[in-house]
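# A closer look at the structure
These are the residues of each chain, in order.
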Amino acid sequence: MLSRAVCGTRRQLAPALGYLGSRQKHSLPDLPYDYGALEPHINAQIMQLHHSKHHAAYVNNLNVTEEKYQEALAKGELLEAIKRDFGSFEKFKEKLTAASVGVQGSGWGWLGFNKERGQLQIAACLNQDPLQGTTGLIPLLGIDVWEHAYYLQYKNVRPDYLKAIWNVINWENVTERYMACKK
Amino acid sequence: RLSRGLAPALGYLGSRQKHSLPDLPYDYGALEPHINAQIMQLHHSKHHAAYVNNLNVTEEKYQEALAKGDVTAQIALQPALKFNGGGHINHSIFWTNLSPNGGGEPKGELLEAIKRDFGSFEKFKEKLTAASVGVQGSGWGWLGFNKERGQLQIAACLNQDPLQGTTGLIPLLGIDVWEHAYYLQYKNVRPDYLKAIWNVINWENVTERYMACKK
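Residues numbered from 1 in each chain as written. Chains lettered and ligands numbered in written order. Predicted model: local features only at pLDDT ≥ 70, side-chain atom pairs only at ≥ 80, totals over all residues. Heavy atoms only, no water.

Going by an unreviewed UniProt entry, chain B carries the name Superoxide dismutase and comes from Macaca nemestrina. The annotation that UniProt attaches to chain B under Sequence similarities (unreviewed entry) is "Belongs to the iron/manganese superoxide dismutase family." Here is the UniProt Subcellular location (unreviewed entry) comment for chain B, exactly as written: "Mitochondrion matrix". (UniProt positions renumbered as here; feature names shortened; annotations may be inferred.)

For chain A, an unreviewed UniProt entry supplies the name superoxide dismutase and the organism Macaca nemestrina. The UniProt entry for chain A carries the following text under Subunit (unreviewed entry): "Homotetramer." UniProt, in its Catalytic activity (unreviewed entry) section for chain A, records the words "2 superoxide + 2 H(+) = H2O2 + O2".

Before going further, it helps to examine the overall build of chain A. Check the secondary structure of chain A and you find eight helices and three strands. When the helices and strands of chain A are placed in sequence order, the string is α-α-α-α-β-β-α-β-α-α-α. Pairs at least 24 apart in sequence give 59% of the contacts found in chain A among residues at least 6 apart. (Helix = DSSP H or I, 4+ residues; strand = E, 2+ residues; numbered from the N terminus. Contact = heavy atoms within 4.5 Å.)

A separate point is helix 4 (residues 108-118) of chain B. Residue and element names in this part refer to chain B. Among the residues of helix 4, those classed as buried are Leu110, Leu111, Ala113, Ile114 and Phe118. The arc that holds every buried residue of helix 4, seen down its axis, measures 160 degrees, which confines them to one face. Buried residues along helix 4 sit against helix 5 (121-133), strand 1 (139-146), strand 2 (151-158) and helix 9 (203-214). At the C-terminal side of helix 4, Gly119 shows a positive phi close to 100 degrees. (Buried < 20%, exposed > 50% of the residue type's maximum accessible area, 1.4 Å probe, protein only. Arc of directions from axis to C-beta.)

Residues and elements named next belong to chain B. What the domain assignment lists for chain B is domain 1 (37-97) and domain 2 (108-213). Each of domain 1 and domain 2 has a C-alpha centre, and the two are 22 Å apart. Contacts between domain 1 and domain 2 engage 17 residues on the former and 27 residues on the latter. Both sides together, the interface formed by domain 1 and domain 2 hides about 1700 Å², and carbon and sulfur atoms give 62% of it. When the buried surface of domain 1 facing domain 2 is broken down by residue, Ile39, Asn90 and Asn97 rank first, second and third, together holding 37% of it. Summed over the shared surface of domain 1 and domain 2, the result is one salt bridge. Here Lys82 ties to Asp161 by a salt bridge, and the two come within 3.9 Å at their closest N and O atoms. Where domain 1 touches domain 2, the interface holds 13 residue pairs in polar contact (both at pLDDT 80 or more). For the side of domain 1 that touches domain 2, the elements supplying multiple residues, two or more each, are helix 2 (37-68) and helix 3 (71-97). With 11 residues, the single largest contributor to the side of domain 1 that touches domain 2 is helix 3. Class assignment of the residues belonging to the side of domain 1 that touches domain 2 gives a composition of seven nonpolar, nine polar and one charged. (Domains from an automatic or database assignment. Buried area = accessible area lost by both parts, 1.4 Å probe. Salt bridge = Lys/Arg side-chain N within 4 Å of Asp/Glu carboxyl O. Polar contact = N/O pair within 3.5 Å; in protein donor to acceptor, adjacent residues only side chain to side chain. Nonpolar A, V, L, I, M, F, W, Y, C, P; charged D, E, K, R; others polar.)

This part covers the packing of helix 4 of chain B against helix 9 of chain B. Residues and elements named next belong to chain B. Their axes nearest at 9 Å, the elements helix 4 and helix 9 cross at an angle of 80 degrees. As judged from the angle between their axes, helix 4 and helix 9 are roughly perpendicular. On the side of helix 4, the interface is formed by Glu109, Leu110 and Ala113, while helix 9 contributes Trp203, Val206, Thr207, Tyr210, Met211 and Lys214. In terms of residue class, the contact of helix 4 with helix 9 is made up of six nonpolar, one polar and two charged. (Axes fitted to C-alpha atoms, helices over the stretch in contact; angles between N-to-C directions. Parallel < 35°, antiparallel > 145°, perpendicular 65-115°, else oblique.)

A few words now on the sheet that holds strand 3 (residues 138-144) of chain A. All names here are of chain A. Overall, antiparallel pairing links the three strands, which are arranged 2-1-3 in an open sheet. Both outer strands of the open sheet, strand 2 (119-126) and strand 3, are each paired with one neighbouring strand and no more. Here the strands of the sheet are splayed against their neighbours by 25 degrees on average, with no regard to which way each runs. Looking at chain direction, strand 1 (residues 107-114) and strand 2 are connected through eight bridges and run antiparallel. (Pairing = 2+ DSSP bridges.)

What follows concerns the UniProt feature "domain: Manganese/iron superoxide dismutase C-terminal" (unreviewed entry) in chain A. Mapped onto this numbering, the UniProt entry gives "domain: Manganese/iron superoxide dismutase C-terminal" (unreviewed entry) at residues 75-177 of chain A. Structurally, residues 75-177 of chain A comprises 48% helix and 22% strand, and the distance from its first C-alpha atom to its last is 11 Å.

Now for the interface of chain B and chain A. Contacts between the two partners involve 17 residues from chain B, matched on the other side by 11 residues from chain A. With both chains or domains summed, chain B and chain A bury close to 1400 Å², and 57% of this area falls on carbon and sulfur atoms. The largest per-residue losses of area from chain B upon contact with chain A belong to Glu179, Tyr183 and Leu184 of chain B, which jointly make up 33% of the total buried on that side. Where chain B meets chain A, there are five residue pairs in polar contact (both at pLDDT 80 or more). Taken together, the elements giving at least two residues each to the side of chain B that touches chain A come down to helix 2, helix 3 and helix 7 (183-186) of chain B. If one sorts the elements of the side of chain B that touches chain A by residue count, helix 2 of chain B sits on top with four residues.

Have a look at this one:
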(Lines give C-alpha, C1' and ligand atoms only; values in the text may rest on other atoms or scores of the structure.)
Protein backbone atom coordinates (compact mmCIF):
# COMPACT_ATOMS: atom_id res chain seq x y z
CA MET A 1 0.00 0.00 0.00
CA LEU A 2 1.29 3.40 -0.88
CA SER A 3 -0.02 5.25 2.14
CA ARG A 4 -2.23 4.67 5.09
CA ALA A 5 -4.72 7.18 3.79
CA VAL A 6 -5.39 4.81 0.87
CA CYS A 7 -6.27 1.72 2.80
CA GLY A 8 -6.62 2.86 6.36
CA THR A 9 -9.67 2.18 8.41
CA ARG A 10 -11.80 4.99 9.68
CA ARG A 11 -9.79 4.91 12.90
CA GLN A 12 -6.76 6.19 11.03
CA LEU A 13 -8.72 9.17 9.79
CA ALA A 14 -8.92 10.53 13.33
CA PRO A 15 -5.24 11.36 13.79
CA ALA A 16 -5.34 13.17 10.43
CA LEU A 17 -8.17 15.45 11.48
CA GLY A 18 -6.59 18.28 13.42
CA TYR A 19 -9.79 19.43 15.03
CA LEU A 20 -10.50 16.02 16.55
CA GLY A 21 -7.18 15.32 18.18
CA SER A 22 -7.28 11.79 19.49
CA ARG A 23 -10.97 10.97 19.51
CA GLN A 24 -11.54 7.75 21.39
CA LYS A 25 -14.33 5.48 20.30
CA HIS A 26 -17.03 5.17 22.92
CA SER A 27 -17.16 1.79 24.69
CA LEU A 28 -19.61 -0.19 26.71
CA PRO A 29 -18.79 0.21 30.42
CA ASP A 30 -18.64 -3.01 32.46
CA LEU A 31 -21.56 -3.69 34.76
CA PRO A 32 -20.31 -3.21 38.35
CA TYR A 33 -21.99 -6.49 39.42
CA ASP A 34 -23.23 -9.80 37.95
CA TYR A 35 -26.30 -9.91 35.78
CA GLY A 36 -28.17 -11.80 38.53
CA ALA A 37 -27.08 -9.56 41.40
CA LEU A 38 -30.27 -7.48 41.52
CA GLU A 39 -32.61 -10.46 41.74
CA PRO A 40 -35.46 -10.81 42.69
CA HIS A 41 -36.13 -7.11 42.07
CA ILE A 42 -34.75 -6.99 38.54
CA ASN A 43 -34.03 -10.41 37.08
CA ALA A 44 -30.85 -11.63 35.40
CA GLN A 45 -32.39 -12.04 31.96
CA ILE A 46 -33.44 -8.39 31.89
CA MET A 47 -30.05 -7.19 33.13
CA GLN A 48 -28.21 -9.23 30.51
CA LEU A 49 -30.33 -8.06 27.59
CA HIS A 50 -30.45 -4.51 28.84
CA HIS A 51 -26.70 -4.18 29.24
CA SER A 52 -25.20 -6.42 26.58
CA LYS A 53 -27.79 -5.70 23.85
CA HIS A 54 -29.55 -2.37 24.33
CA HIS A 55 -26.73 -0.34 25.83
CA ALA A 56 -24.25 -2.02 23.53
CA ALA A 57 -26.34 -0.98 20.52
CA TYR A 58 -26.39 2.66 21.67
CA VAL A 59 -22.60 2.60 22.01
CA ASN A 60 -22.05 1.10 18.55
CA ASN A 61 -24.52 3.38 16.84
CA LEU A 62 -23.10 6.44 18.56
CA ASN A 63 -19.65 5.55 17.25
CA VAL A 64 -20.96 4.99 13.72
CA THR A 65 -22.93 8.23 13.75
CA GLU A 66 -20.00 10.27 15.05
CA GLU A 67 -17.79 8.82 12.33
CA LYS A 68 -20.28 9.71 9.62
CA TYR A 69 -20.61 13.17 11.08
CA GLN A 70 -16.86 13.59 10.97
CA GLU A 71 -16.78 12.40 7.38
CA ALA A 72 -19.53 14.83 6.49
CA LEU A 73 -17.61 17.62 8.15
CA ALA A 74 -14.46 16.63 6.27
CA LYS A 75 -16.27 16.36 2.93
CA GLY A 76 -17.73 19.71 3.70
CA GLU A 77 -14.22 21.08 4.12
CA LEU A 78 -13.08 19.67 0.79
CA LEU A 79 -16.14 21.06 -0.93
CA GLU A 80 -15.51 24.45 0.64
CA ALA A 81 -11.92 24.37 -0.56
CA ILE A 82 -13.08 23.45 -4.06
CA LYS A 83 -15.54 26.34 -4.08
CA ARG A 84 -12.90 28.70 -2.75
CA ASP A 85 -10.19 27.69 -5.23
CA PHE A 86 -12.29 27.07 -8.38
CA GLY A 87 -15.46 29.10 -7.87
CA SER A 88 -17.85 26.16 -7.74
CA PHE A 89 -17.86 22.36 -7.88
CA GLU A 90 -19.14 22.53 -11.47
CA LYS A 91 -16.29 24.81 -12.55
CA PHE A 92 -13.78 22.49 -10.86
CA LYS A 93 -15.31 19.51 -12.74
CA GLU A 94 -15.03 21.40 -16.02
CA LYS A 95 -11.40 22.36 -15.39
CA LEU A 96 -10.24 18.89 -14.43
CA THR A 97 -12.16 17.40 -17.34
CA ALA A 98 -10.58 19.86 -19.77
CA ALA A 99 -7.09 19.23 -18.39
CA SER A 100 -7.59 15.47 -18.73
CA VAL A 101 -9.16 15.55 -22.20
CA GLY A 102 -6.46 17.93 -23.35
CA VAL A 103 -3.48 15.72 -22.57
CA GLN A 104 -1.71 15.16 -25.87
CA GLY A 105 -0.49 11.60 -25.91
CA SER A 106 -0.45 9.53 -22.73
CA GLY A 107 -0.78 11.01 -19.28
CA TRP A 108 -2.93 11.91 -16.27
CA GLY A 109 -5.15 14.76 -15.12
CA TRP A 110 -4.75 15.61 -11.44
CA LEU A 111 -6.40 17.46 -8.58
CA GLY A 112 -3.49 18.27 -6.34
CA PHE A 113 -2.76 20.23 -3.18
CA ASN A 114 -0.23 23.02 -3.23
CA LYS A 115 1.17 22.97 0.31
CA GLU A 116 3.08 26.23 -0.04
CA ARG A 117 -0.04 28.16 -0.94
CA GLY A 118 -2.52 25.97 0.91
CA GLN A 119 -4.49 25.77 -2.33
CA LEU A 120 -6.04 23.11 -4.49
CA GLN A 121 -4.59 23.05 -7.98
CA ILE A 122 -5.28 21.20 -11.22
CA ALA A 123 -2.39 19.81 -13.24
CA ALA A 124 -1.67 17.40 -16.07
CA CYS A 125 1.32 15.09 -16.22
CA LEU A 126 2.71 13.25 -19.21
CA ASN A 127 3.23 9.51 -19.40
CA GLN A 128 3.63 8.12 -15.86
CA ASP A 129 5.35 11.19 -14.45
CA PRO A 130 4.26 11.21 -10.79
CA LEU A 131 2.56 14.43 -9.71
CA GLN A 132 4.42 14.98 -6.47
CA GLY A 133 7.83 13.99 -7.79
CA THR A 134 7.65 16.29 -10.78
CA THR A 135 5.56 19.25 -9.54
CA GLY A 136 5.58 19.08 -5.74
CA LEU A 137 1.77 19.03 -5.64
CA ILE A 138 0.26 16.38 -3.34
CA PRO A 139 -1.95 14.05 -5.39
CA LEU A 140 -5.61 13.92 -4.32
CA LEU A 141 -7.50 12.68 -7.39
CA GLY A 142 -6.00 11.35 -10.61
CA ILE A 143 -7.64 10.61 -13.95
CA ASP A 144 -5.75 8.18 -16.19
CA VAL A 145 -6.07 9.22 -19.84
CA TRP A 146 -3.69 6.71 -21.39
CA GLU A 147 -5.70 5.11 -24.18
CA HIS A 148 -5.61 1.75 -22.43
CA ALA A 149 -7.72 3.28 -19.66
CA TYR A 150 -10.75 3.74 -21.93
CA TYR A 151 -10.23 2.67 -25.52
CA LEU A 152 -11.94 -0.72 -25.45
CA GLN A 153 -15.15 0.96 -24.31
CA TYR A 154 -14.98 4.54 -25.51
CA LYS A 155 -12.63 4.17 -28.49
CA ASN A 156 -11.27 7.55 -29.53
CA VAL A 157 -13.96 9.48 -27.66
CA ARG A 158 -12.02 10.41 -24.55
CA PRO A 159 -14.61 13.04 -23.54
CA ASP A 160 -17.25 10.31 -23.09
CA TYR A 161 -14.91 8.45 -20.73
CA LEU A 162 -14.45 11.65 -18.76
CA LYS A 163 -18.23 12.17 -18.54
CA ALA A 164 -18.62 8.63 -17.21
CA ILE A 165 -15.81 8.58 -14.68
CA TRP A 166 -17.37 11.32 -12.56
CA ASN A 167 -20.01 8.73 -11.60
CA VAL A 168 -17.43 6.60 -9.81
CA ILE A 169 -15.19 9.10 -8.05
CA ASN A 170 -14.62 8.03 -4.42
CA TRP A 171 -15.01 11.39 -2.68
CA GLU A 172 -14.35 9.77 0.73
CA ASN A 173 -10.90 8.82 -0.45
CA VAL A 174 -10.20 12.20 -2.02
CA THR A 175 -11.33 13.83 1.23
CA GLU A 176 -9.05 11.58 3.29
CA ARG A 177 -6.10 12.56 1.17
CA TYR A 178 -7.00 16.25 1.40
CA MET A 179 -7.39 16.17 5.16
CA ALA A 180 -4.11 14.29 5.54
CA CYS A 181 -2.07 16.81 3.60
CA LYS A 182 -3.65 20.07 4.69
CA LYS A 183 -2.78 19.84 8.37
CA ARG B 1 0.46 16.10 -50.87
CA LEU B 2 0.81 18.18 -47.75
CA SER B 3 3.12 20.82 -49.16
CA ARG B 4 0.63 22.09 -51.70
CA GLY B 5 -1.35 23.87 -49.06
CA LEU B 6 1.59 25.46 -47.33
CA ALA B 7 3.34 27.49 -50.01
CA PRO B 8 0.59 29.92 -51.05
CA ALA B 9 -0.40 30.40 -47.42
CA LEU B 10 2.72 32.15 -46.29
CA GLY B 11 2.39 35.88 -46.18
CA TYR B 12 -1.30 36.43 -46.69
CA LEU B 13 -4.66 35.25 -45.54
CA GLY B 14 -7.55 33.96 -47.47
CA SER B 15 -6.37 31.60 -50.17
CA ARG B 16 -4.73 29.03 -47.94
CA GLN B 17 -5.52 25.46 -48.96
CA LYS B 18 -6.93 23.46 -46.12
CA HIS B 19 -5.35 20.13 -45.36
CA SER B 20 -7.52 17.10 -46.06
CA LEU B 21 -7.69 13.50 -44.98
CA PRO B 22 -6.05 11.33 -47.62
CA ASP B 23 -8.00 8.29 -48.75
CA LEU B 24 -6.79 4.95 -47.49
CA PRO B 25 -5.19 3.10 -50.44
CA TYR B 26 -7.11 -0.07 -49.51
CA ASP B 27 -10.29 -1.13 -47.67
CA TYR B 28 -10.48 -0.98 -43.90
CA GLY B 29 -10.45 -4.79 -43.75
CA ALA B 30 -7.60 -5.25 -46.20
CA LEU B 31 -4.86 -5.71 -43.59
CA GLU B 32 -6.66 -8.49 -41.69
CA PRO B 33 -5.80 -10.57 -39.81
CA HIS B 34 -2.72 -8.53 -38.93
CA ILE B 35 -4.49 -5.24 -38.22
CA ASN B 36 -8.26 -5.56 -38.01
CA ALA B 37 -10.90 -3.51 -39.81
CA GLN B 38 -12.26 -1.86 -36.65
CA ILE B 39 -8.83 -0.46 -35.79
CA MET B 40 -8.22 0.73 -39.35
CA GLN B 41 -11.58 2.47 -39.52
CA LEU B 42 -11.23 4.26 -36.17
CA HIS B 43 -7.58 5.03 -36.80
CA HIS B 44 -8.16 6.58 -40.22
CA SER B 45 -11.66 8.09 -40.05
CA LYS B 46 -11.50 9.31 -36.42
CA HIS B 47 -7.94 9.78 -35.20
CA HIS B 48 -6.27 10.92 -38.43
CA ALA B 49 -9.35 12.95 -39.36
CA ALA B 50 -9.15 14.76 -36.01
CA TYR B 51 -5.51 15.68 -36.60
CA VAL B 52 -6.44 17.09 -40.02
CA ASN B 53 -9.37 19.13 -38.68
CA ASN B 54 -7.46 20.43 -35.70
CA LEU B 55 -4.47 21.27 -37.88
CA ASN B 56 -6.68 23.39 -40.10
CA VAL B 57 -8.21 25.17 -37.12
CA THR B 58 -4.81 25.77 -35.54
CA GLU B 59 -3.27 27.05 -38.78
CA GLU B 60 -6.11 29.53 -39.18
CA LYS B 61 -5.53 30.86 -35.69
CA TYR B 62 -1.79 30.92 -36.36
CA GLN B 63 -2.36 32.99 -39.49
CA GLU B 64 -4.33 35.50 -37.47
CA ALA B 65 -1.61 35.65 -34.84
CA LEU B 66 1.00 36.21 -37.56
CA ALA B 67 -1.10 38.93 -39.14
CA LYS B 68 -1.47 40.68 -35.77
CA GLY B 69 2.19 40.22 -34.93
CA ASP B 70 1.12 38.50 -31.71
CA VAL B 71 4.17 36.41 -30.87
CA THR B 72 2.75 35.18 -27.59
CA ALA B 73 -0.28 33.76 -29.36
CA GLN B 74 1.97 32.18 -32.00
CA ILE B 75 4.03 30.44 -29.36
CA ALA B 76 0.93 29.30 -27.53
CA LEU B 77 -0.32 27.68 -30.75
CA GLN B 78 2.93 25.92 -31.59
CA PRO B 79 2.35 22.81 -29.47
CA ALA B 80 -0.97 22.28 -31.25
CA LEU B 81 0.72 22.80 -34.63
CA LYS B 82 3.38 20.24 -33.75
CA PHE B 83 0.83 17.78 -32.39
CA ASN B 84 -1.77 17.97 -35.13
CA GLY B 85 0.65 18.73 -37.94
CA GLY B 86 2.85 15.87 -36.82
CA GLY B 87 -0.18 13.60 -36.53
CA HIS B 88 -1.25 14.44 -40.07
CA ILE B 89 2.24 13.96 -41.50
CA ASN B 90 2.89 10.74 -39.63
CA HIS B 91 -0.38 9.04 -40.49
CA SER B 92 -0.24 10.12 -44.11
CA ILE B 93 3.09 8.31 -44.36
CA PHE B 94 1.86 5.35 -42.32
CA TRP B 95 -1.06 4.42 -44.60
CA THR B 96 1.31 4.24 -47.56
CA ASN B 97 3.82 2.19 -45.56
CA LEU B 98 1.24 -0.60 -45.22
CA SER B 99 -0.31 -2.81 -47.87
CA PRO B 100 -2.41 -5.94 -48.07
CA ASN B 101 0.24 -7.23 -50.48
CA GLY B 102 3.07 -6.31 -48.14
CA GLY B 103 5.41 -8.35 -46.01
CA GLY B 104 8.55 -10.24 -46.85
CA GLU B 105 11.75 -8.34 -47.43
CA PRO B 106 12.81 -5.39 -49.54
CA LYS B 107 15.00 -5.88 -52.57
CA GLY B 108 17.86 -4.21 -54.37
CA GLU B 109 19.40 -0.96 -53.14
CA LEU B 110 17.27 -0.65 -50.02
CA LEU B 111 18.08 -4.19 -48.91
CA GLU B 112 21.77 -3.51 -49.54
CA ALA B 113 21.63 -0.33 -47.50
CA ILE B 114 19.86 -2.17 -44.67
CA LYS B 115 22.52 -4.87 -44.64
CA ARG B 116 25.24 -2.26 -44.76
CA ASP B 117 23.86 -0.11 -41.95
CA PHE B 118 22.41 -2.80 -39.65
CA GLY B 119 24.33 -5.98 -40.50
CA SER B 120 21.36 -7.92 -41.81
CA PHE B 121 17.65 -7.58 -42.48
CA GLU B 122 16.91 -9.63 -39.35
CA LYS B 123 19.01 -7.35 -37.18
CA PHE B 124 17.29 -4.32 -38.66
CA LYS B 125 13.88 -5.88 -37.92
CA GLU B 126 14.94 -6.57 -34.33
CA LYS B 127 16.20 -3.03 -33.84
CA LEU B 128 13.12 -1.31 -35.21
CA THR B 129 10.88 -3.67 -33.28
CA ALA B 130 12.77 -2.98 -30.07
CA ALA B 131 12.68 0.78 -30.63
CA SER B 132 8.92 0.63 -31.26
CA VAL B 133 8.09 -1.70 -28.37
CA GLY B 134 10.28 0.38 -26.10
CA VAL B 135 8.46 3.68 -26.55
CA GLN B 136 7.21 4.71 -23.10
CA GLY B 137 3.82 6.30 -23.58
CA SER B 138 2.58 7.27 -27.04
CA GLY B 139 4.87 7.57 -30.04
CA TRP B 140 6.33 6.08 -33.20
CA GLY B 141 9.24 3.88 -34.22
CA TRP B 142 10.96 5.01 -37.42
CA LEU B 143 13.34 3.89 -40.10
CA GLY B 144 14.80 7.13 -41.31
CA PHE B 145 17.50 8.35 -43.68
CA ASN B 146 20.34 10.49 -42.40
CA LYS B 147 21.21 12.70 -45.38
CA GLU B 148 24.39 14.08 -43.83
CA ARG B 149 25.88 10.63 -43.36
CA GLY B 150 24.08 8.91 -46.22
CA GLN B 151 22.99 6.28 -43.72
CA LEU B 152 19.82 4.56 -42.63
CA GLN B 153 19.01 5.16 -38.99
CA ILE B 154 16.40 3.95 -36.52
CA ALA B 155 14.74 6.42 -34.20
CA ALA B 156 11.76 6.72 -31.88
CA CYS B 157 9.65 9.83 -31.51
CA LEU B 158 7.22 10.70 -28.74
CA ASN B 159 3.58 11.59 -29.24
CA GLN B 160 3.13 12.97 -32.77
CA ASP B 161 6.52 14.61 -33.01
CA PRO B 162 7.34 14.35 -36.73
CA LEU B 163 10.63 12.61 -37.47
CA GLN B 164 12.02 15.11 -39.94
CA GLY B 165 10.89 18.19 -38.07
CA THR B 166 12.43 17.07 -34.80
CA THR B 167 15.50 15.03 -35.84
CA GLY B 168 16.21 15.94 -39.45
CA LEU B 169 15.99 12.29 -40.51
CA ILE B 170 13.88 11.64 -43.62
CA PRO B 171 11.00 9.30 -42.73
CA LEU B 172 10.93 6.04 -44.72
CA LEU B 173 8.91 3.64 -42.55
CA GLY B 174 6.91 4.49 -39.44
CA ILE B 175 5.34 2.20 -36.85
CA ASP B 176 2.56 3.80 -34.84
CA VAL B 177 2.67 2.53 -31.25
CA TRP B 178 -0.01 4.76 -29.79
CA GLU B 179 -2.35 2.38 -28.01
CA HIS B 180 -5.16 3.26 -30.42
CA ALA B 181 -3.09 1.66 -33.18
CA TYR B 182 -3.37 -1.82 -31.68
CA TYR B 183 -5.25 -2.02 -28.39
CA LEU B 184 -8.62 -3.26 -29.67
CA GLN B 185 -6.91 -6.29 -31.16
CA TYR B 186 -3.72 -6.86 -29.20
CA LYS B 187 -4.67 -5.25 -25.87
CA ASN B 188 -1.58 -4.51 -23.81
CA VAL B 189 0.60 -6.93 -25.78
CA ARG B 190 2.37 -4.43 -28.00
CA PRO B 191 5.03 -6.98 -29.02
CA ASP B 192 2.35 -9.13 -30.71
CA TYR B 193 1.24 -6.12 -32.76
CA LEU B 194 4.85 -5.58 -33.79
CA LYS B 195 5.19 -9.23 -34.83
CA ALA B 196 2.05 -8.93 -36.93
CA ILE B 197 2.77 -5.61 -38.65
CA TRP B 198 5.83 -6.96 -40.45
CA ASN B 199 3.38 -8.97 -42.56
CA VAL B 200 1.87 -5.85 -44.09
CA ILE B 201 4.89 -3.58 -44.60
CA ASN B 202 4.77 -2.12 -48.11
CA TRP B 203 8.43 -2.40 -49.13
CA GLU B 204 7.71 -0.82 -52.52
CA ASN B 205 6.65 2.37 -50.78
CA VAL B 206 9.57 2.34 -48.36
CA THR B 207 11.91 1.83 -51.33
CA GLU B 208 10.30 4.75 -53.21
CA ARG B 209 10.89 7.01 -50.24
CA TYR B 210 14.47 5.81 -49.90
CA MET B 211 15.28 6.33 -53.58
CA ALA B 212 13.72 9.80 -53.47
CA CYS B 213 15.80 11.04 -50.58
CA LYS B 214 19.15 9.46 -51.29
CA LYS B 215 19.69 11.11 -54.64
